[in-house]
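Each chain, written out:
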Amino acid sequence: MTSTAPQLDHLVIAAPDLQAGVQWCEQTLGITPGPGGEHALMGTHNRLALIASPGFPKAYLEIIAINPKATPTKLAAQARWFGFDEAQRQERLQTQGAQLIHWVARVPDLPPALANCQQAGVDLGPAVSASRMTAQGLLSWSIAIRPDGMLQAEGIMPTLIAWGDAHPTHNMSSSGLALQSLQCRHPRAAQLNKLWQSLGGGALFEAGPPGLQADLRTPKGLVRLGTWI
């Protein structure tokens, strides 16, 4: 194991708007997500739900959307994270509704992890500092964001994040959800697994057409999110 060993931090559910994301969560998972906050940097806002389980400690679900009332503080040339500025992404959200698009992995030390990625030919972008205010105080983190906002390997390669002194799950109540498994499939699975192992993880990616699937235990039973692309 290296000091940059990654762990699943959260699943990203993109929504056409936040209320639609809340309704999706209630209809699909059978729970109302807990509070989230606003991201001044990117002009987005979210709602959260704890999905931690023995296999995925401190994992949570993020339902995120563009905040139409916010003006991002980012540079004009910097695209929003998770590909929110892509026309294809917006069209898909408007026609298909909220959906699992990505996942984020946490590492204790972001710069060396990103250096490993660069050496492996995977450009996740530079580390960017971000924060949002919560009822318990300021929540801060460092996250890799490409200037073009594009996700790598069709979103199957996770974004990397390193948290400050606090983690969002420290103040999250049980939601009735528990993540049981995450499957990542990509044609370049061998390259991605080599990179993942250089970060201290095991073989994670399966060979095949791009796809991301997550199984969650919910009040409605076992629910599978995502579809093979």
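Everything numeric in this text was worked out from a predicted model, so none of it was measured.

Draft legend 1. Looking closely at the packing of aromatic side chains. Applying the stated criterion across every chain yields a total of 4 aromatic pairs. Seen from their ring centres, W81 and F82 are 5.8 Å apart, and the 25° between their planes marks the pair as stacked. The buried category is assigned to W81, whose relative accessible area is 5%. By way of ring pairs, the aromatic residues W103, W196 and F205 are connected into one cluster.

Draft legend 2. Examining the nonpolar core more closely. Core analysis: the biggest nonpolar cluster contains 48 residues, and L11, W24, L29, W103, M157 and L160 have the highest contact counts within it. Beyond its immediate sequence surroundings of up to four residues, M157 is in contact with H102, C117, V122, L124, Q152, L192, L195, W196 and F205. Counting 22 residues, the second-largest nonpolar core is a separate cluster that includes V12, L50, W81 and A130.

Draft legend 3. Seen up close, the sheet that holds strand β9 (residues 178-185). If you trace the 4 strands from one edge of the open sheet to the other, you get β10-β9-β11-β12, paired in mixed fashion. This sheet does not close on itself; its edge strands, each paired only once, are β10 (205-206) and β12 (221-225). Strand direction decides the pairing type here: β9 and strand β11 (residues 211-218), joined by 7 bridges, are antiparallel. Of the residues in β11, the one forming a bridge with C184 is L212. Against the sheet, helix α1 (residues 18-29) makes contact with β11 and β12, and its axis sits at roughly 135° relative to β12, the strand it touches most.

Draft legend 4. Structural view of α1. Taking 1.5 Å per residue, 12 residues should reach 16 Å; α1 reaches 16 Å between its end C-alpha atoms and fits that length. For α1, the complete set of buried residues consists of L18, G21, V22, W24, C25 and L29. Taken end-on, α1 shows its buried residues confined to a sector of 160°, consistent with a single buried face. In this fold, the buried residues of α1 make contact with β1 (7-14), β3 (44-50), β4 (60-66), β11 and β12. The opening residue of α1, the one whose side-chain oxygen lies 3.2 Å from the backbone nitrogen of Q19, is D17. Phi turns positive, to about 80°, at G30, one or two residues after α1.

Draft legend 5. Geometry of the environment of W141. Position of W141 relative to the elements: it lies in strand β7 (residues 137-144). Classification of W141 by relative accessible area gives buried; the value is 8%. Sequence separation of W141 and H167 is 26 residues, and the distance between their C-alpha atoms is 8.9 Å. Every residue in contact with W141, bar those within four places of it in the chain, is listed here: H39, W81, V128, S129, A130, S131, R132, I161, A162, W163 and G164.

Draft legend 6. Structural context of the pattern of salt bridges. With the rule as written, the count across this model stands at 5 salt bridges. Salt-bridge contacts for D148 lead to R146; the nearest nitrogen and oxygen are separated by 2.9 Å. With a relative accessible area of 18%, R146 lands in the buried category. Two residues, R224 and D215, come together in a salt bridge whose shortest N-O distance is 2.8 Å. The class for D215 is buried, based on a relative accessible area of 9%. What you see here is one network of salt bridges that share partners, running through D123, R146 and D148.

Draft legend 7. Quick peek at the environment of D9. Within the secondary structure layout, D9 lies in strand β1. A relative accessible area of 0% places D9 in the buried class. Residues D9 and P57 lie 48 residues apart in sequence; the distance between their C-alpha atoms is 8.3 Å. Apart from residues lying up to four places away in sequence, D9 is in contact with K58, A59, Y60, V104, A105, R106, I161, W163 and H167. A polar atom in the side chain of D9 sits 2.7 Å from the side chain of H167.

Parameters at a glance
Residues numbered from 1 in each chain as written. Predicted model: local features only at pLDDT ≥ 70, side-chain atom pairs only at ≥ 80, totals over all residues. Heavy atoms only, no water. Phe/Tyr/Trp six-rings, centres within 6.5 Å; stacked < 30°, edge-to-face > 60°. Buried < 20%, exposed > 50% of the residue type's maximum accessible area, 1.4 Å probe, protein only. Core = buried A, V, L, I, M, F, W, Y, C linked by side-chain atoms within 4.5 Å. Contact = heavy atoms within 4.5 Å. Pairing = 2+ DSSP bridges. Helix = DSSP H or I, 4+ residues; strand = E, 2+ residues; numbered from the N terminus. Axes fitted to C-alpha atoms, helices over the stretch in contact; angles between N-to-C directions. Expected span 1.5 Å × (residues − 1). Arc of directions from axis to C-beta. Polar contact = N/O pair within 3.5 Å; in protein donor to acceptor, adjacent residues only side chain to side chain. Salt bridge = Lys/Arg side-chain N within 4 Å of Asp/Glu carboxyl O.

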